[in-house]
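# Structural features, examined
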Amino acid sequence: MGPTIGFIGLGTMGGPMSCRLLAAGFDLIVHDLDERRTAAAHTAGARVAATAASCAGAADLLLTSLPHPAHVRSVMRDAGALAALRPGSVWIDLTTNQRALLHELAAQAPDDVAVVDSPVTGAVDGARTGRLTLFTGGPEHAVARVTPLLTRLGTVIPCGPLGAGTVVKLVTNQLWFVAAAALGEGFAVGLTHGVDLGVLWRAIRESVGDSFVARHDAPSIFAGHYDPSFTLDLCCKDLRLLAELVDDVATDLPLTAAAHTAFAGAAERYGGDAGELHVARRIEEDTGLSFRLDGAWTPPWEVAARPDEPTAPATEPTVTRRLAT
């Protein structure tokens, strides 16, 4: 018999991650406040726990995937999940969390319960295809114990003691936010001076301007949905967590500050529930440019296969460079 896996939080990322664990044959017990999500997991083969505490109490390894640190505190402390963990079990938090909160909750864990932070990156399509990257922090014996489970979700990078995984995740987001804010600016400069958007995108991908953002995120801009699977509210939450780390750095970090301003401005204009790449839409609207590009752009939340890169058009099409007035 393998370990019983508890999974709390079946949202945009947690739902597909739990499905991968079920497909791998793990005994899974799940909990989520949304009954539609737990019903879907039950149909896929999971057992359903009525409460977070009962889910934790049944688990040898408990995974949590929640939107905000406040949700982690609510589930693990207020709802009793942490206290319900059995001796010898491990809690693995997949949330992009607050390092101080992780240490606070770890200090409150029952005796002989280990805590590992393992925030993930790779977007919803990475969760669906098992191509996430997971940054783990915690006691070496606990990280070694949970790694075989986490490798079912993607590539595991041990980062150091508890909280180190969270720091690494926030650093990767720091660089992502800078690149995402800059991409729309680059498109605007090229289009303003008569360069075809398809040509420009190809040049970016085949040059020093290449990045995960250019390859993975640009199609969500081209399609005009701006990737609602990750919201501006979550971007701003991560930037606030990052700001706590930046405060300890003995100099100013102007690019990080500029990215924070860009995302906060987009959230103020479009609302926190709008897709993350509305940070580029603001530039479109302010300049009157259009970043639409014809192509078979598969939304990240519909990706099922393992493509090397987003589906691109067979040719580099000419696009209208100005929004209709």
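On a predicted model such as this, the values are computed, not experimentally measured, just so you know.

Glancing now at the overall build of the protein. Within the protein one finds 14 helices and nine strands. Within the protein, residue pairs in contact and separated by at least 24 positions form 69% of the contacts whose partners lie at least 6 positions apart. Accessible area for the protein stands at about 14500 Å²; split by element, carbon and sulfur atoms hold 55% of it. Measuring between centres, the 25 positive side-chain charges of the protein sit 4 Å from its 36 negative side-chain charges.

Taking 1.5 Å of rise per residue, the 15 residues of helix 12 (residues 232-246) would be expected to cover 21 Å, and the 20 Å separating its terminal C-alpha atoms lies within 8% of that figure. Listed in full, the buried residues belonging to helix 12 are Leu 232, Leu 234, Cys 235, Cys 236, Lys 237, Asp 238, Leu 239, Leu 241, Leu 242 and Val 246. Buried residues in helix 12 make contact with helix 4 (69-78), helix 9 (164-192), helix 13 (254-270) and helix 14 (278-287).

The next thing to look at is helix 14. His 278, Val 279, Ala 280, Ile 283 and Glu 284 are the residues of helix 14 that are buried. Contact partners of the buried residues in helix 14: helix 9, helix 11 (212-223), helix 12 and helix 13. Gly 288, located one to two residues past helix 14, shows a positive phi value of around 80 degrees.

Next up on the list: the side chain of Thr 38. Topologically, Thr 38 is positioned in helix 2 (residues 35-44). Among residues more than four places away in sequence, those in contact with Thr 38 are Leu 10, His 31, Asp 32 and Val 48.

On to the confidence of the model for the protein, then. Per-chain confidence: the protein averages 93 in pLDDT, with 93% of residues scoring 70 or above. Across residues 305-325 the pLDDT falls below 50, and counting only partners more than four positions away or on other chains, this stretch makes 47 contacts in the model.

Orientation of helix 9 relative to helix 11, taken along the N-to-C sense of each, is 55 degrees, at an axis distance of 10 Å. It follows from the interaxial angle that helix 9 and helix 11 lie oblique. The interaxial crossing formed by helix 9 with helix 11 has right-handed handedness. Taken together, the residues of helix 11 that come into contact with helix 9 (itself represented by Trp 176, Ala 179, Ala 180, Leu 183 and Phe 187) are Phe 212, Val 213, Ala 214, Asp 217, Ala 218, Ile 221 and Phe 222.

In this fold, Val 75 is placed in helix 4. Along the chain, Val 75 and Phe 26 lie 49 residues apart, while their C-alpha atoms are 23 Å from each other. Ignoring sequence-local partners within four residues, the contact set of Val 75 consists of Ile 8, Ala 52, Leu 66, Gly 80 and Ala 81.

Calculation criteria
Residues numbered from 1 in each chain as written. Predicted model: local features only at pLDDT ≥ 70, side-chain atom pairs only at ≥ 80, totals over all residues. Heavy atoms only, no water. Helix = DSSP H or I, 4+ residues; strand = E, 2+ residues; numbered from the N terminus. Contact = heavy atoms within 4.5 Å. Areas by Shrake-Rupley, 256 points an atom, 1.4 Å probe, with all protein chains shown as cover. Lys, Arg positive; Asp, Glu negative; His and termini not counted. Charge placed at Lys NZ, Arg CZ, Asp CG, Glu CD. Expected span 1.5 Å × (residues − 1). Buried < 20%, exposed > 50% of the residue type's maximum accessible area, 1.4 Å probe, protein only. pLDDT = per-residue confidence, 0-100. Axes fitted to C-alpha atoms, helices over the stretch in contact; angles between N-to-C directions. Parallel < 35°, antiparallel > 145°, perpendicular 65-115°, else oblique. Left-handed = near helix turned anticlockwise from the far one by under 90°.

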